[in-house]
Amino acid sequence: MANPGYGKRPAGDEDPHADPDFAHLSPREAEIAVFVDHLDDGHAMGHKVLAAQHPRYGQQAVRTSLNRLAVAGHLRWIREHITVEDHTMRWVTRTYWSRTRRSEAWWEEFARERNGRIVSADHRPGLARTEEPEPPEPRAAAQPDADPDPESASEGGTSYLALAALREADPRMSLSEADCRSLAALAEEWLSRGATPQDITRAVTEGLPATVNNPGGLARNRLENRMPPKKLKLRQKAAPRRARVTRAVICCMSCDADELTTTIKGGMCPDCYAEFEAAEAAEAAEAAEEAGAVEPGYVPDTFLAAPDADAVYTWVDVPRRAAEVRAAGGLRPKAERAL
């Protein structure tokens, strides 16, 4: 998934998916647009991540297609300045996606409307996080040999009374007053873990041997070895901190420059947009040449000593012209020359 802030986010409420949504795009851009449109919110939008998951296109193709989608009005990077209610501030960059084709003015207005928005508390992967991680709950060290609570060890304490009542459940477990006081801490731990006095009685008296020579020692052994597990403490999740967008600026899809330092057109700064147009022109010329769309006799200006914009180039059939010159000079055609 994406780093905090860079995941895919919808630009607004839109109609369900439909086939004509990307009919104005070329086949490759339309395919990648459908692929991006079906990604979950918060999914990473880097060209490397998308290329690794797309079955057909590599990194360069995906990167070019993302730029074309930005120019077409489907994609923007918007950097937002967020102020959290604990007075901390940060910048996050979000990738906003629109299935509907949007104009430059629409995206500018969308960025302005981000000012004052409250950041959602639903922090899914790839979205800006405004919650600090909760510190781990400190574990109290076990103190089995700690001094018993005076109240629990007293004759009126619940743990003391539970131990003293063992003689009524089974005469073989008749504990002395000293035994009850020394075992009161263990019995109190049982009670703190959710056990009842009846649970203590069953744990100590069940399955006794025929003769018990040391009731106090046997009770201690069973209370320690049959101790119930600690109750799971359910911690309430701290309420998420509210955060407000105090400023939003559109930034370049290629170099990350924002509109505070340059102008953004088609989701790119002037330098990156010029490189994009040059690459588009070169790719179009290469495709036209491969398709045979270049007219015969065309000579690029770079091959001319002094290119003339008003010059008219005509196509000449060189073999045929050579034959006409030979005939005008009274020479036999080249094909009829004797060997």
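Quick notes on the rules
- Residues numbered from 1 in each chain as written.
- Predicted model: local features only at pLDDT ≥ 70, side-chain atom pairs only at ≥ 80, totals over all residues.
- Heavy atoms only, no water.
- Helix = DSSP H or I, 4+ residues; strand = E, 2+ residues; numbered from the N terminus.
- Buried < 20%, exposed > 50% of the residue type's maximum accessible area, 1.4 Å probe, protein only.
- Contact = heavy atoms within 4.5 Å.
- Areas by Shrake-Rupley, 256 points an atom, 1.4 Å probe, with all protein chains shown as cover.
- Phe/Tyr/Trp six-rings, centres within 6.5 Å; stacked < 30°, edge-to-face > 60°.
- Lys NZ or Arg CZ within 6 Å of the ring centre and 35° of its normal.
- Pairing = 2+ DSSP bridges.
- Axes fitted to C-alpha atoms, helices over the stretch in contact; angles between N-to-C directions.
- pLDDT = per-residue confidence, 0-100.
- Salt bridge = Lys/Arg side-chain N within 4 Å of Asp/Glu carboxyl O.

Give me the lowdown on the overall build of the protein, citing residues and values where you can.
Scanning the protein from N- to C-terminus turns up 12 helices and 4 strands. Split into buried and exposed, the 339 residues of the protein put 33% on the buried side. Intrachain contacts of the protein at a sequence separation of at least 6 include 65% that bridge at least 24 residues. Here the protein has roughly 21600 Å² of accessible surface; of this, 52% comes from carbon and sulfur atoms.

Kindly report on the packing of aromatic side chains, identifying the contributing residues and their values.
Using the criterion set out here, one finds 6 aromatic pairs in the structure. Centre to centre, the rings of Phe22 and Trp97 are 6.1 Å apart; their planes meet at 40 degrees, and the pair counts as tilted. Of the two residues, Phe22 sits in the loop between β1 (8-10) and α1 (27-37) while Trp97 sits in strand β3 (residues 89-97), which places them 75 residues apart along the sequence. We classify Phe22 as buried; its relative accessible area is 6%. Here Trp97 falls in the buried class, since its relative accessible area comes to 3%. Arranged with centres 5.0 Å apart and planes meeting at 75 degrees, the rings of Tyr96 and Phe110 form a pair that is edge-to-face. Linking Tyr96 in strand β3 with Phe110 in helix α4 (residues 104-113), this pair joins segments that are 14 residues apart in sequence. This pair shows no difference in class: Tyr96 is buried, exactly as Phe110 is. Each member of the aromatic cluster is reached from another via a ring pair, and the members are Tyr96, Trp106, Trp107 and Phe110. The lysine or arginine in question, Arg102, covers the ring of Trp106, its NZ or CZ lying 4.2 Å from the ring centre.

How would you sum up the sheet that holds β1? Please name residues and give values.
Spatial ordering of the open sheet is given by β1-β3-β2-β4, a layout of 4 strands whose pairing is mixed. If you trace the sheet from one side to the other, it starts and ends with β1 and β4 (243-251), each paired once. The mean angle between the axes of side-by-side strands here comes to 45 degrees, regardless of whether they run parallel or antiparallel. Inspection of the sheet shows strand β2 (residues 75-84) paired to β4 by 8 bridges, in the antiparallel sense. Opposite Val84, over in β4, you have Ala243 as the bridge partner.

If you had to explain the environment of Arg68 to someone new, which residues and values would you point to?
Inspection of the secondary structure assignment puts Arg68 in helix α3 (residues 59-72). Classification of Arg68 by relative accessible area gives buried; the value is 16%. Between the C-alpha atoms of Arg68 and Glu29, which are 39 residues apart in sequence, the distance is 7.4 Å.

Tell me about the confidence of the model for the protein, and please be specific about residues and values.
With 73% of its residues at a pLDDT of at least 70, the protein reaches an overall mean of 78. Overall, residues 1-5 carries pLDDT values under 50, and its contacts beyond four positions in sequence, including any with other chains, amount to 19 contacts. Counted against residues more than four places away or in other chains, residues 121-153, with its pLDDT under 50, gives 56 contacts.

Which residues make up the pattern of salt bridges, and what values do they have?
In the structure shown here, the tally under the stated rule is 19 salt bridges. Between Glu31 and Arg56 there is a salt bridge, with its nearest N and O atoms 2.9 Å apart. A residue pair is termed long-range when its members are at least 10 positions apart, and Glu31 in helix α1 and Arg56 in the loop between α2 (47-53) and α3 qualify at 25 residues. The class for Glu31 is partly exposed, based on a relative accessible area of 24%. On the accessibility criterion, Arg56 (58% relative accessible area) is exposed. The residue Arg76 makes a salt bridge to Glu104 at a minimum N-O spacing of 3.1 Å. Here Arg76, found in strand β2, pairs with Glu104, found in helix α4; they are 28 residues apart in sequence, far enough to count as distant.

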